[in-house]
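Reading the structure
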Amino acid sequence: LRLHLNYRNETNRKYWLESPLRVFDRKGIRLFSRNICRMRSIRWRRDCPHVGKIYRPSERDKRCVVERTEIDLVDYFEEGEVMGLFSATNEKGEAWIDTIEYWEYLRGVGFPVGKVSRARMFQRIKASRREDLLRCTAGLRTEWLY
């Protein structure tokens, strides 16, 4: 079993395991280690030249890392061997990282994260669910953060 916290499965796009949390069985961790962890440093010019036409210079390396380590991850597994637990977008195509209503819905059914790099959204989460921020990492073992 290979589980990821959230996924995207939008029309005309590849199934994308977008996730701050991944859980693997032995086979899954071996595949991940062999194919993702052992990658050389990812550079957009070499590994994703197409991003040069689409993304700003400051976003190119990050986007390439996302493509090579998240979006391409499913290619290392057989169909049906991987799954995401929560959809990254709702039926209107709105993403949890930008839509407080969808994030609140997901949070209500057990979704455990918020994205702090989205400043406006993070402010809305603080106003809406301040109690979550107070216990965000309480009790989390330090070695789990790496």
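Presented here is a report on the structure given in the accompanying data block. Being a predicted model, the structure only gives us computed values, none of them experimental.

For the protein chain, the count of helices and strands is seven helices and three strands. Secondary structure elements of the protein chain, listed N to C terminal, follow the sequence β-β-α-α-α-α-β-α-α-α. Looking at the 146 residues of the protein chain, the share that counts as buried comes to 35%. In the protein chain, 47% of the contacts between residues at least 6 apart in sequence involve partners at least 24 apart.

Okay, a positive patch on the surface next. On the surface, a cluster of positive charge is contributed by Arg-26, Arg-30, Arg-34 and Arg-38. Overall, Arg-26 belongs to the exposed group, its relative accessible area being 69%.

Right, let's get into helix H5 (residues 100-108). Those residues of H5 that fall on the buried side of the exposure criterion are Ile-100, Tyr-102, Trp-103, Leu-106 and Arg-107. One side of H5 holds all its buried residues, which, seen down the axis, span an arc of 160°. For H5, the exposed residues lying more than 90 degrees away from the buried face are Glu-101, Tyr-105 and Gly-108.

A separate point is the state of the cysteines. This structure, assessed with the given rule, holds one disulfide. What pairs with Cys-48 in a disulfide is Cys-64, and their sulfur atoms sit 2.1 Å apart. Residues Cys-48 and Cys-64 are joined by a disulfide whose S-S torsion is about 75°; by sign, that bridge is right-handed. Here the residue Cys-48 occupies a position in the loop between helix H2 (44-47) and helix H3 (51-54), and Cys-64 occupies one in helix H4 (residues 60-71), the gap between them amounting to 16 residues. Taking the relative accessible area as the measure of exposure, Cys-48 reaches 1% and is therefore buried.

Let us look at the packing of aromatic side chains. Per the stated rule, a full pass over the model turns up five aromatic pairs. Between Phe-24 and Phe-77 the ring centres are 6.5 Å apart and the planes differ by 15°, which places this aromatic pair in the stacked class. Taken as a pair, Phe-24 in the loop between strand S2 (22-23) and helix H1 (26-37) and Phe-77 in the loop between H4 and strand S3 (82-87) lie far apart in primary sequence, 53 residues in all. Geometrically, the ring pair formed by Phe-86 and Phe-111 is edge-to-face, given 5.1 Å between the ring centres and 80° between the ring planes.

Here the focus is the environment of Arg-68. With respect to the helices and strands, the residue Arg-68 is situated in helix H4. When the C-alpha positions of Arg-68 and Met-39 are compared, they lie 9.3 Å apart, and in sequence the two are 29 residues distant.

Scoring rules and cut-offs
Residues numbered from 1 in each chain as written. Predicted model: local features only at pLDDT ≥ 70, side-chain atom pairs only at ≥ 80, totals over all residues. Heavy atoms only, no water. Helix = DSSP H or I, 4+ residues; strand = E, 2+ residues; numbered from the N terminus. Buried < 20%, exposed > 50% of the residue type's maximum accessible area, 1.4 Å probe, protein only. Contact = heavy atoms within 4.5 Å. Patch = residues over 30% accessible without salt bridge, like charges linked within 9 Å, V, L, I, M, F, W, Y side chains within 5 Å. Areas by Shrake-Rupley, 256 points an atom, 1.4 Å probe, with all protein chains shown as cover. Salt bridge = Lys/Arg side-chain N within 4 Å of Asp/Glu carboxyl O. Lys, Arg positive; Asp, Glu negative; His and termini not counted. Charge placed at Lys NZ, Arg CZ, Asp CG, Glu CD. Arc of directions from axis to C-beta. Disulfide = S-S within 2.5 Å. Phe/Tyr/Trp six-rings, centres within 6.5 Å; stacked < 30°, edge-to-face > 60°.

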